[in-house]
Amino acid sequence: APAISHLDLRQARFVGSGVVEAIASGVCVNPTLTTLSMRYNLAGEIHHLVSAVRASAVLRTLDLSRCGLDAEAAGALASVLPVAHALQSLDLRDNPVEVEGAAALGEGCSRSEVLLEVWLGSEHAIRIQVFRRVPNISMDVPLSEWDLVCAAGCLRANV
């Protein structure tokens, strides 16, 4: 059987309970799924996907842009970033994460060993690069602060 490495469910507009939970369960057990896009889908069902991100050993890219995720949802995602051993890229553009959610993400990112980038903001999105010690390169680039662009202006969260 062919292996699924990329699953693009953008704009699927899931209806009914249990759909996101079933997808999250699949993410937990799929040994080849490295990229998942849930753009325009989650709303209040983020807790299922948070568990999947924690459990997956291979999910490297997660697109949750335009899912209606608020500060609480951003905080839930931030809490698993230090233990998400494969996640390298997280897209949260066009979500109302607010200042509190952005600060929580900054803290979670600072404790991640593998996360390379987080996308926040809106149409003028900012890409936050997480700099870590790269093997075979003798230069360390410190992670000292995050420039987070919010709709109301610019926030600087020190981590």
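Keep in mind the model is a prediction, meaning the values are calculated, not measured. (Residues numbered from 1 in each chain as written. Predicted model: local features only at pLDDT ≥ 70, side-chain atom pairs only at ≥ 80, totals over all residues. Heavy atoms only, no water.)

### Considerations on the overall build of the protein
Looking only at helices and strands, the protein features four helices and eight strands. If you list the helices and strands of the protein from N to C, you get β-α-β-α-β-α-β-α-β-β-β-β. Expressed as a percentage of its 159 residues, the buried residues of the protein come to 39%. Sequence separation of at least 24 residues holds for 69% of the intrachain contacts in the protein that already meet a minimum separation of 6. Entry remark: accessible area of the protein is about 8500 Å², with carbon and sulfur atoms responsible for 53%. (Helix = DSSP H or I, 4+ residues; strand = E, 2+ residues; numbered from the N terminus. Buried < 20%, exposed > 50% of the residue type's maximum accessible area, 1.4 Å probe, protein only. Contact = heavy atoms within 4.5 Å. Areas by Shrake-Rupley, 256 points an atom, 1.4 Å probe, with all protein chains shown as cover.)

### A few points about the packing of helix 2 (residues 46-55) against helix 3 (residues 71-80)
Contact geometry of helix 2 with helix 3 gives a least axis separation of 9 Å together with a crossing angle of 15 degrees. Put simply, helix 2 runs roughly parallel to helix 3. Both helix 2 and helix 3 take part in a crossing whose hand is right-handed. Listed contacts from helix 3 to Ile46, Val50, Val53 and Arg54 of helix 2 are Ala73, Ala76, Leu77 and Val80. A class-by-class count of the residues in the contact of helix 2 with helix 3 yields seven nonpolar, no polar and one charged. (Axes fitted to C-alpha atoms, helices over the stretch in contact; angles between N-to-C directions. Parallel < 35°, antiparallel > 145°, perpendicular 65-115°, else oblique. Left-handed = near helix turned anticlockwise from the far one by under 90°. Nonpolar A, V, L, I, M, F, W, Y, C, P; charged D, E, K, R; others polar.)

### Looking at helix 2
If you check which residues of helix 2 are buried, you get Ile46, His48, Leu49, Val50, Ala52 and Val53. Packed against the buried residues of helix 2 are helix 1 (19-29), strand 2 (35-37), strand 3 (61-63) and helix 3.

### Looking at the pairing of strand 5 (residues 117-120)
Here three bridges tie strand 4 (residues 89-91) to strand 5, and the two strands are oriented parallel to one another. Within strand 5, the residue paired with Leu90 across the bridge is Val118. The parallel pair strand 4 and strand 5, bridged by helix 4 (residues 98-110), forms a crossover whose chirality is right-handed. (Pairing = 2+ DSSP bridges. Right-handed = clockwise from strand over helix to strand, strands pointing away.)

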